[in-house]
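Descriptive structure summary
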Amino acid sequence: IAVSSSSAMLDSLISIGANGSAAIAGCVMDGRSLGVCMICADARSTVSVSNSLLQDCHEAVVLSSGATCSVSNCKILQCTHSAIMCSGNGTAVCLTSCHIDGCGLYAARACDAGQCVLEGCQILNVLLDTASEIAGGRVDVVPLRSS
């Protein structure tokens, strides 16, 4: 499956609302440098993304209001801002064995008690810093845990 943006009016290619869920696998998502986000989820929704390519976007995954997300074995390339943004109490994301290359600011940003874990990820070419933690947000960068 390939998803690409065709209009600069889009805020995100995939948006998951209140209590929704989505499983995305084997997908190529290309924002074509239009400043869109790839995946936005909020209001206690649940998302999993695996074996996918997310490229040329503002942010790859944006979570808020208690959304949770797992991202595994994905390539996230050329984000103008951050690969991951996680905001709000109960909001959490875990990236496992992902390759992140080319972020305009941060690999991961967490604020307002949001939680982000990057486990066994390769992180290259981040302009400012690997992580940004604001207002109780937390980003943990850890090696891959053995089974």
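So, a few notes on the structure that sits alongside this text. Owing to the predicted nature of the structure, the values given are computational and were not obtained by experimental measurement.

Points about the nonpolar core
If you look at the biggest cluster of nonpolar residues, it comprises 37 residues, and the most contacted ones within it are I39 and L95. Residues C37, V62, M85 and C111 belong to the second largest nonpolar core, which totals five residues.

Description of unusual backbone geometry
Positive phi outside glycine occurs at N73, with the angle close to 50°. Take N73: it is sitting in the loop between β8 (68–72) and β9 (75–87). For A113, which is not glycine, the phi torsion reads 70° and is therefore positive. Tracing the backbone through its elements, the reader meets A113 in the loop between β12 (106–111) and β13 (115–119).

Comments concerning the sheet that holds strand β10 (residues 92–96)
Read across the open sheet, the six strands follow the order β3-β6-β8-β10-β13-β16; overall the sheet is parallel. On the outer flanks of this sheet lie β3 (21–25) and β16 (138–142), each paired with one strand and no other. Looking at each pair of strands side by side, their axes are set apart by 5° on average, direction ignored. With five bridges joining them, β8 and β10 adopt parallel strand pairing. Opposite S72, over in β10, you have T96 as the bridge partner.

Examining the pattern of salt bridges
Two side chains of opposite charge can pair, provided their charged atoms sit close to one another. The tally for this structure, following the rule as stated, stands at three salt bridges. Here R109 ties to E59 by a salt bridge, and the two come within 2.8 Å at their closest N and O atoms. One end of the pair, R109, is in strand β12; the other, E59, is in strand β7 (residues 53–64), and 50 residues separate them in sequence. Here the two residues R109 and E59 agree in accessibility, since each one is buried.

So, the side chain of E119
Within the element layout of this structure, E119 appears in strand β13. Note on E119: relative accessible area 8%, which makes it buried. Of the polar contacts made by the side chain of E119, one reaches the side chain of R145; its length is 2.8 Å. In contact with E119, other than residues within four places in its own chain, are C94, L95, T96, S97, V142, P143, L144 and R145.

Examining the state of the cysteines
Inspection of every chain in the model, using the stated rule, returns zero disulfides. Summary of cysteine pairing: C103 is not part of a disulfide, and the nearest cysteine sulfur, belonging to C79, is at 4.7 Å. For C111, which is in no disulfide, the shortest distance to another cysteine sulfur is to C86 and amounts to 8.1 Å.

Some words on the side chain of E59
Given a relative accessible area of 5%, E59 falls into the buried group. Reaching out from E59, the side chain makes a polar contact with the side chain of H81 at a distance of 3.4 Å. In terms of polar contacts, E59 uses its side chain to reach the side chain of R109, at 2.8 Å. Sequence-distant contacts of E59, that is, excluding residues within four places in its chain, are made with V36, C37, M38, H81, S82, A83, M85 and R109.

About the criteria used
Residues numbered from 1 in each chain as written. Predicted model: local features only at pLDDT ≥ 70, side-chain atom pairs only at ≥ 80, totals over all residues. Heavy atoms only, no water. Core = buried A, V, L, I, M, F, W, Y, C linked by side-chain atoms within 4.5 Å. Buried < 20%, exposed > 50% of the residue type's maximum accessible area, 1.4 Å probe, protein only. Helix = DSSP H or I, 4+ residues; strand = E, 2+ residues; numbered from the N terminus. Pairing = 2+ DSSP bridges. Axes fitted to C-alpha atoms, helices over the stretch in contact; angles between N-to-C directions. Salt bridge = Lys/Arg side-chain N within 4 Å of Asp/Glu carboxyl O. Polar contact = N/O pair within 3.5 Å; in protein donor to acceptor, adjacent residues only side chain to side chain. Contact = heavy atoms within 4.5 Å. Disulfide = S-S within 2.5 Å.

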